[in-house]
Amino acid sequence: MGRRTYEARKGELQVELLKLQNWVQESGQRIVLLFEGRDAAGKGGTIKRFMEHLNPRGATVVALPAPTERERGQWYFQRYVQHLPTNGEIVFFDRSWYNRAVVEPVMGFCTPAETVRFLRDTVLFEEMLINEGLRLFKFWFSVSQEEQLRRVMSRAQDRLKQWKLSDVDRRALPLWDEFTEAKKLMFAATDTRASPWVVVKADDKKRARLNCMGYVLRSFEYDAWVRQRVPKPDPKLIGPAKSLYAKDEVW
C-alpha cells in the first residue's frame, strides 16, 4: 500500500475514532484493548496510530515495566487492575497480564505451576471484567519469523529505536519455537466465547493498523451509519484465532 493511500485511509479512520471516543464519554462506556504478540510485531506502532488524535484525558496507554519486588508479592492481576478504565475511558495495554502466558514462562521468569494457575484464573478474571460492563478486546499481532528478524535488526541499527530493543528481546529472538508452543497453550486456554482472541496478520504494518482500527470501530454502533463509512476489515488479515491461527505464523 502506498504512503498516500495509507495516510488518507488512516485519517478517515482516526476521524471515526474521535466519534467513537465522544460516544464512549457520553455513554459512560469502558473499553479495554490488549495488544499482544512477539517482539517487533507492531503492537506499539498500532497503538500510536489509535492514540494519535484521541483526547488523552479519556484514552491512555499502559505499558508496565518489570514488576517491583513489592508487586511480585501481590496478587498477580493487582498491578493491572489499577489501570482499568472508569466510565467514559479507553485504555490500551501494550502487553498485559498475558505476559505470564508467553514471555514469562519462555524466559524463565515464572514457574510452570504459576503459568497453569494463570491460564485458569485469567478466564475467570476476564469474565468478571465483562460482567462488570467492560468491553474487552484481545489482539494478537502475528508476524513471520523472517519479518521479525528484519525488524529487530533494523532497530538495532537505528539509534532512535535502539531503546525498543531490550536484553530480554535479544535473548528471546532464538526462541521462536518455544514462544509458538506457549502461544498455542494460551489460545487453547483463554480463547473463550466471552473473551475471544483476535489475530492480526502484521507483516504489512500499514494494513495491520488499518484493519485493527476498522475492527474496533465496527464493533460499536456509536451512530447509525458507522458500517457505511468504515470498510469491513479483511478477513484474511484479521479475525478469530481459530480461523487465522497458524503454528509457525507464516502464511
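This text follows the structure it describes.
Residues numbered from 1 in each chain as written. Predicted model: local features only at pLDDT ≥ 70, side-chain atom pairs only at ≥ 80, totals over all residues. Heavy atoms only, no water.

Q: So what exactly am I meant to see when it comes to the nonpolar core here?
A: The tendency in soluble globular proteins is for nonpolar side chains to be buried as a group. Judged by nonpolar contacts, the single largest core of 34 residues is most densely connected at L20, L33, F35, F50, F92, F139 and F141. Only α1 (3-27), β1 (30-37), α2 (43-51), β3 (89-94), β4 (135-142), β5 (197-201) and α10 (205-217) provide two or more residues apiece to this core. At six residues, α10 tops the list of elements feeding residues into this core. Among the nonpolar cores identified, the runner-up in size contains 31 residues, and L34, F118, L136 and W197 belong to it. (Core = buried A, V, L, I, M, F, W, Y, C linked by side-chain atoms within 4.5 Å. Buried < 20%, exposed > 50% of the residue type's maximum accessible area, 1.4 Å probe, protein only. Helix = DSSP H or I, 4+ residues; strand = E, 2+ residues; numbered from the N terminus.)

Q: I tried to follow the packing of aromatic side chains on my own but got confused; where do I start?
A: Where two aromatic rings form a pair, the distance of their centres and the angle of their planes describe that pair. Scanning all chains against the criterion turns up 25 aromatic pairs. Ring geometry for W23 and F220: centres 5.8 Å apart, planes at 55°, overall tilted. Of this pair, W23 sits in helix α1 while F220 sits in the loop between α10 and α11 (226-229), and the two are 197 residues apart along the sequence. The class of F220 is buried, set by a relative accessible area of 2%. For the pair F35 and F92, a centre-to-centre distance of 6.2 Å together with 35° between the ring planes defines the contact as tilted. (Phe/Tyr/Trp six-rings, centres within 6.5 Å; stacked < 30°, edge-to-face > 60°.)

Q: What am I meant to see in the sheet that holds strand β6 (residues 238-240) here?
A: Each strand in a sheet pairs with another by means of backbone hydrogen bonds, the pair being arranged parallel or else antiparallel. Sheet architecture is open: six strands sit in the order β2-β3-β1-β4-β5-β6, paired in mixed fashion. Two strands bound the open sheet, and with one partner strand each, they are β2 (59-62) and β6. Put simply, the sheet's adjacent strands are angled 25° from each other on average, direction ignored. Relative to β4, β1 runs parallel, the two sharing seven bridges. What sits directly across from V32, in β4, is L136. Sheet strands in contact with α10 are β1, β4, β5 and β6, and its direction is about 160° off that of β4. (Pairing = 2+ DSSP bridges. Axes fitted to C-alpha atoms, helices over the stretch in contact; angles between N-to-C directions. Contact = heavy atoms within 4.5 Å.)

Q: What's the story with the layout of surface pockets in this structure? I'm lost.
A: Over the atoms, a rolling probe the size of a water molecule traces out where space has been left empty. The calculated volume of the largest pocket comes to roughly 1500 Å³. Lining the largest pocket are 44 residues, and of these D39, D94, R95, K164 and D169 lie nearest its centre. Counting only elements with at least two residues in the lining of the largest pocket, the list comes to α2, α3 (69-72), α4 (78-81), β3, α5 (103-107), α7 (145-157), α8 (167-172) and α10. For the lining of the largest pocket, the element with the most residues is α2, which contributes five residues. Each residue belonging to the lining of the largest pocket can be placed in one class, and the counts come to 16 nonpolar, eight polar and 20 charged. Reported here for the second largest pocket is a volume of approximately 310 Å³. In terms of lining, the second largest pocket is formed by 15 residues, of which the most central are R9, L13, L210, N211 and P231. For the lining of the second largest pocket, the secondary structure elements donating two or more residues are α1 and α10. Each residue belonging to the lining of the second largest pocket can be placed in one class, and the counts come to six nonpolar, two polar and seven charged. (1 Å grid on protein atoms, 1.4 Å probe; cavity = no way out; pocket = protein on both sides within 12 Å on 5 of 7 lines; lining within 4 Å. Points joined across faces, edges and corners; volume = space filled by probe spheres on them. Nonpolar A, V, L, I, M, F, W, Y, C, P; charged D, E, K, R; others polar.)

Q: Just checking my understanding: could you explain α2 for this structure?
A: Residues spaced three or four apart along an α-helix face the same direction, because each turn holds 3.6 residues. What α2 keeps buried is the set K43, T46, I47, F50 and M51. Along the long axis of α2, the arc covered by the buried residues comes to 135°, so they all point the same way. Among the structural elements, α1, β1, β2, β3, β4 and α10 are those in contact with the buried residues of α2. (Arc of directions from axis to C-beta.)

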